[in-house]
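Observations on the three-dimensional arrangement
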Amino acid sequence: MAELLGTSKESFIASVRQSLGRTGGEPDERYAPLQEDLSSLEERASNTLERLKKDRGRLVEELARVAELQGWKVCQAANSEATLDYIRELLQETKAKRVVRSDQEIFRQVPVDELLEGMGAQVQVMAREQSGDGEFDPASAELGITGVDYAIAETGTAVLLPRKGISRLVSLLPPVHLALVRPTEVLESLDDLYLLRRLEYHRNGGDMGSYMNFITGPSRTADIEQTLVIGAHGPRETHMVILAQE
Amino acid sequence: MAEVKTQEFQRASVKALADAKLQSLLGRSMGTFDGARQEAIEELTPQRWEEMREKGRAIKRHTLDNLDYYLELLYDRVTQNGGQVHFARDAQEARNIVGQIARSRGLKLAIKSKSMVSEEMSLNPYLEEMGVEPVETDLGEYIIQLAQETPFHIIAPAMHKTKEDVSQLFEEKIQRPNLKNIEEMAGAAREVLREKLVNADMGITGANFLVAETGTLVLVTNEGNGRFCTSVPRVLVSITGMEKLIPSLEDLGVFMRLLPRAATGQRITSYVTHVSGPRRSDDEDGPEEFHLVIVDNGRSRLLQDPDLRESLYCIRCGACLNICPVYHKVGGHAYGWVYPGPIGAVVSPVMVGLNKAKDLPHASSLCGACRDVCPIKINIPRMLLKLRTQLAESSDSTQRKVSIGEKLMAKGYRRLMSSPKLLSLTHRLGRLAQRPLLRKGLIRTIPFPPFSRWTRSRDLPPLASKPFRQIWAEKLGKER
Ligand code: SF4
């Protein structure tokens, strides 16, 4: 369905071309990054993954340090018990009765449902194929739990990508968000992330999914008298549990 | 197009200077911004910062020099992602496009995340007229919308409002009386807006970057409203100037380090949202339709002039506003159009017409601070000079800024400075003439034109009792 609204592409671009005094075709100087072929991208990506693997211990520490600076409450869990303990305490502290989570692989590793339901909270998977006993409006949830696709040590950022079973709203609607991070998901820098996503795009024949969200700490605003207020439209409290190395 | 009041710069700035409340607000807040920016650069290390600036500038230069190529690429890739791209030559056309999308799909409630281009288009009144309710969801923009004003600053649109102003506004417009502290106000706005955010059928956003290679739109926000706008409504319309392009996804690594640091002194903002088209069939949620509206609206005039093209490298961080001594005094509204401050003084005249904005290129002391702080090293002073030259040399008398009198003065000055004898004679005469004008060591007013106007808002230091040439001859020169 291509509706023509406004100026046609041809005439718009022709006038830009005229403004530039260009005759069309390839850029004047060839721009190296766009000339790179798939095999070179793959090579760079595999080098990156190698490096990340070697540095994992250090990167996990760095992620924890920076994430804390960025406003996350960070827990580096020593083992799976410690992860569950943290979640238990979080539920007690927030007194959350309604919890939403996404449907991700990580929840097979971290059995949050049993834990939370055992404590009397309702858990609802926010996905078309719903599960859990939760018959409540997700908008009224007090806690949202997600895994991440990546976490970036440089910026203390959790990266979420769309997949089946992952609603964009789990990390956005509830006032408290908990992100579970596996050490293998930790990247060093923004550059690592963009390289891997770019590879994904070209590997898939030109698709990397509909969105990619960076979450770095709680939502905030300083729009009135430049006074920082934590908790604008998104969560006011964000927790990151970095699971123990397997 | 948004109402153009650039002609009134002089009047508006005199008014701003006399506004004690505004002056105290500006005095209090302008320093904070730049302090945060400097700290963030220290943390990254100044060397790394310089490296990023050079890279960012080179990428922007390359993209703008080959913009036709990258627009074509972006079009293909957004289309491939399942989105639709529309092109608008001017504000009117851009409004029509957004209007037609809303009308043909029967959309009623539009949540908006900050978009300067939608300010250029005066989109909100247009939507209201056709029965679509536009709601600004960035707190600053929301305040401005309630007050029916225009943004005061690129990234802090409501910075001219005190908390008392906001409290009163919320009482009158959203029936939330007696809000005392800022947290309560933000809370009230959150409550009112939450209902809109979850019920809207149309999302409208701007863009911080457009990645040609992958057809990706990037939004940088702190509040989370941008995420709502791109997740909840069934139709997403993003409106952007055509200069927002960058070639590769990997270029974002550079700009993500530059923008948050220059804008708010953050390592990164709370949210960065990358949108590559509408939801796919497997996605749990997200917009069914994604429209990208690419707007020219005078930008090709900037593109066309090799001397002004670099103004389009701007990533709208606001750092040049925060450092500018003129902006510090007159604030954002005096500039009279969507883009204030040093960068506004370059782009507004070209976008609205130079003859309507003759004062703007002169609203600068050419101190160069804007260029020094700019994350893309945009040479704003050079462009301001270029516009001044254009004004001075224009054959069209409605454009010409320089009067015959000024031309004569310039001639006289040249003569004076090239003759040492004449200079020293004038100096001696001047010292005599200034005597009756001195008040507490300064010349406060000169009672005859053209000087009377000049001294209306300025004090003039008197001529020194000994000219430098004499001091040099008697003393300094001998000490060498
Ligand atoms: S000109 Fe430079 S400093 Fe000013 S807003 Fe644009 S990018 Fe920022």
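Here the structure is a predicted model, which means the values were calculated and not measured. (Residues numbered from 1 in each chain as written. Chains lettered and ligands numbered in written order. Predicted model: local features only at pLDDT ≥ 70, side-chain atom pairs only at ≥ 80, totals over all residues. Heavy atoms only, no water.)

1. Examining the overall build of chain B
Selection rule: Secondary structure counts use DSSP, requiring at least four H or I residues in a row for a helix and at least two E residues in a row for a strand, with both numbered from the N terminus. Just to be clear, the radius of gyration here is over C-alpha atoms, and the globule rule we use is 2.2 Å times residues to the power 0.38. Any pair of residues with heavy atoms lying within 4.5 Å of one another is described as a contacting pair. Reported accessibility uses the Shrake-Rupley method at a 1.4 Å probe radius. Residues are deemed covered only where the shown protein chains occlude them. Counting rule applied: Lys, Arg positive; Asp, Glu negative; His and chain ends not counted. Taken as the charge location is NZ of Lys, CZ of Arg, CG of Asp or CD of Glu.
A count of helices and strands for chain B gives 22 helices and 12 strands. Its C-alpha atoms give chain B a radius of gyration of 25 Å, near enough to 23 Å, the size a compact globule of 480 residues would have. Seen through its principal axes, chain B has C-alpha atoms that stretch 85 × 55 × 50 Å. A separation of at least 24 residues holds for 73% of the contacts in chain B among residues at least 6 apart in sequence. Split by element, the accessible area of chain B, about 20100 Å² in all, is 52% carbon and sulfur. Computing the positive centroid from 69 side-chain charges and the negative centroid from 57, chain B places the two 12 Å apart.

2. Description of the domain arrangement of chain B
Applicable threshold: The split of the chain into domains comes from an automatic or database domain assignment.
We note that the domain assignment places domain 1 (6-300) and domain 2 (404-479) within chain B. Inter-centroid distance (C-alpha atoms) of domain 1 of chain B to domain 2 of chain B is 49 Å.

3. Focus: unusual backbone geometry
All names here are of chain B. Of note, Thr-45 is a non-glycine position whose phi angle comes to about 85°, a positive value. For Thr-45, the position within the fold is in the loop between helix 2 (20-44) and helix 3 (46-65). Positive phi is not limited to glycine here, since Gln-148 has a value of about 55°. Relative to the helices and strands, Gln-148 is located in the loop between helix 8 (139-147) and helix 9 (163-174).

4. Overview of the packing of helix 2 of chain B against helix 3 of chain B
Residues and elements named next belong to chain B. To keep it simple, the criterion reads: Helix axes are fitted to C-alpha atoms over the stretch in contact, other axes to C-alpha atoms as well, and angles between N-to-C directions run from 0 to 180 degrees. Oblique is the label for any angle not covered by the other classes, which are roughly parallel (under 35 degrees), roughly antiparallel (over 145) and roughly perpendicular (65 to 115). Nonpolar residues are Ala, Val, Leu, Ile, Met, Phe, Trp, Tyr, Cys and Pro. Charged residues are Asp, Glu, Lys and Arg, and all others, Gly as well, are polar.
Where helix 2 meets helix 3, the axes come as close as 6 Å, and the angle between the chain directions of the two elements is 100°. The angle between helix 2 and helix 3 falls in the class roughly perpendicular. Residues Ile-41, Glu-42 and Leu-44 of helix 2 pack against Pro-46, Arg-48 and Trp-49 of helix 3. A breakdown of the residues in the contact of helix 2 with helix 3 according to their chemical character gives four nonpolar, no polar and two charged.

5. Observations regarding the packing of helix 2 of chain B against helix 12 (residues 252-264) of chain B
Residues and elements named next belong to chain B. It is at 6 Å that the axes of helix 2 and helix 12 come closest, and there the two elements cross at 145°. Where helix 2 abuts helix 12, its residues Phe-33, Ala-36, Arg-37, Ala-40, Glu-43 and Leu-44 lie against Arg-261, Ala-262, Ala-263 and Thr-264. A class-by-class count of the residues in the contact of helix 2 with helix 12 yields six nonpolar, one polar and three charged.

6. Here's the deal with the layout of surface pockets
Over the atoms rolls a probe the size of a water molecule, and its path tells where empty space is left. Residues and elements named next belong to chain B. Here is the rule: Put simply, the grid is 1 Å and covers the protein atoms alone, a cavity is a trapped set of points that fit a 1.4 Å probe, a pocket is an open set with protein on both sides within 12 Å along at least five of seven lines, and lining residues have an atom within 4 Å of a point. Grid points are joined across faces, edges and corners, and a volume is the space filled by probe spheres set on the points.
Roughly 2300 Å³ of internal volume is contained in the largest pocket. Along the walls of the largest pocket sit 49 residues, with Met-409, Pro-450, Phe-451, Trp-454 and Arg-458 positioned nearest its centre. Of all the elements in the fold, those that place two or more residues in the lining of the largest pocket are helix 1 (9-18), helix 15 (325-330), helix 19 (404-417), helix 20 (420-434) and helix 21 (451-456). There are two domains that each give the lining of the largest pocket at least three residues, and those are domain 1 (6-300) and domain 2 (404-479).

7. Thoughts on the pattern of salt bridges
What counts is decided by this rule: By definition, a salt bridge exists where a carboxyl oxygen of Asp or Glu is found within 4 Å of a side-chain nitrogen of Lys or Arg.
Counted by the stated rule, this structure contains 52 salt bridges over all chains. For Arg22(A), the salt bridge identified is with Asp68(B), shortest N-O distance 2.8 Å. Placement of Arg22(A) in the loop between helix 1 (9-20) and helix 2 (32-35) and of Asp68(B) in helix 4 (residues 67-80) is noted, with the two residues assigned to different chains. Of the charged contacts in the structure, one is a salt bridge between Arg280(B) and Asp207(A), with a shortest N-O distance of 2.8 Å. Placement of Arg280(B) in the loop between strand 9 (271-275) and strand 10 (289-295) and of Asp207(A) in the loop between helix 7 (190-203) and strand 9 (211-215) is noted, with the two residues assigned to different chains.

8. Points about the interface of chain A and chain B
Here is the rule: The buried area of a pairing is the accessible area, by a 1.4 Å probe, that goes missing from both parts when the two are put together, added over both. Under this definition, polar contacts are N or O atom pairs within 3.5 Å; protein pairs additionally need one hydrogen-donor-capable and one acceptor-capable atom, and for neighbouring residues in sequence, both atoms have to be side-chain atoms.
With 83 residues of chain A in contact, the opposing surface of chain B contributes 104 residues. Across the chain A to chain B interface the summed buried area is about 7900 Å²; carbon plus sulfur atoms make up 52%. Across the contact surface, chain A and chain B share 46 residue pairs in polar contact (both at pLDDT 80 or more). Looking at the side of chain A that touches chain B, the elements that each hand over two or more residues are helix 1, helix 2, helix 3 (38-69), helix 7, strand 9 and strand 10 (220-221) of chain A.

9. Section: the sheet that holds strand 8 (residues 186-187) of chain A
The pairing of strands in a sheet happens through backbone hydrogen bonds and is either parallel or antiparallel. For clarity, the cut-off: Between any two strands, pairing holds if DSSP finds at least two bridges.
Spatial ordering of the open sheet is given by 8(A)-5(A)-6(A)-9(A)-9(B)-6(B)-5(B)-8(B), a layout of eight strands whose pairing is mixed. Strand pairing shows two members of the sheet lacking a second neighbour, strand 8 of chain A together with strand 8 (245-246) of chain B, which therefore form its edges. As paired strands, strand 5 (residues 209-211) of chain B and strand 6 (residues 216-221) of chain B are joined by three bridges and run antiparallel to one another. Bridge pairing links Val211(B) to Thr216(B) in strand 6 of chain B.

10. Points about the pairing of strand 2 (residues 98-101) of chain A
One face of the sheet, then the other: side chains in a regular strand alternate in exactly this way. All names here are of chain A. Alignment of strand 2 against strand 3 (residues 122-125), held across four bridges, turns out to be parallel. Across the sheet, residue Val-100 finds its bridge partner in strand 3, namely Gln-124. Bridge count for strand 2 against strand 4 (residues 143-147) is three bridges, and the pairing is parallel. Paired with Arg-101 across the bridge in strand 4 is Ile-145.

11. Side note on helix 4 of chain B
Residues and elements named next belong to chain B. For the record, the criterion: Helices are assigned an expected span. That span is 1.5 Å times one less than the residue count. Remark: exposure states derive from per-residue accessible area (1.4 Å probe, protein chains only) relative to the maximum for the residue type, with buried under 20%, exposed over 50%, and partly exposed in between.
Relative to the 20 Å expected for 14 residues at 1.5 Å per residue, helix 4 spans 20 Å between its end C-alpha atoms, a close match to the ideal helical length. Restricting attention to buried positions, one finds in helix 4 the residues Leu-67, Asp-68, Tyr-70, Leu-71, Leu-73, Leu-74 and Val-78. Within two residues after helix 4, Gly-82 carries a phi angle of roughly 95°, on the positive side.

12. Comments concerning a nonpolar patch on the surface
Residue and element names in this part refer to chain B. Put simply, the rule reads: Put simply, a patch holds well-exposed residues, over 30% relative accessible area, that have no salt bridge, with like charges counted together within 9 Å and Val, Leu, Ile, Met, Phe, Trp or Tyr side chains within 5 Å.
Nonpolar side chains collect at one region of the surface, where Leu-422, Leu-425, Leu-429 and Leu-432 lie side by side and expose about 350 Å² of accessible area between them. Looking at the element boundaries, Leu-432 is found in helix 20. Taking the relative accessible area as the measure of exposure, Leu-432 reaches 51% and is therefore exposed.

13. Regarding the side chain of Ser19(A)
Along the polypeptide, Ser19(A) turns up in helix 1. Given a relative accessible area of 11%, Ser19(A) falls into the buried group. If sequence neighbours within four positions are ignored, Ser19(A) has contacts with Ser300(B), Leu303(B), Gln304(B) and Arg309(B).

14. Things to note about the environment of Val254(B)
Residue and element names in this part refer to chain B. Mapping Val-254 onto the fold places it in helix 12. Judged by its relative accessible area of 8%, Val-254 falls in the buried class. Between the alpha carbons of Val-254 and Ala-189 there is a distance of 34 Å; along the sequence they are 65 residues apart. Setting aside anything within four residues of it in sequence, one finds Val-254 in contact with Met-52, Lys-55, Gly-56 and Ile-59.

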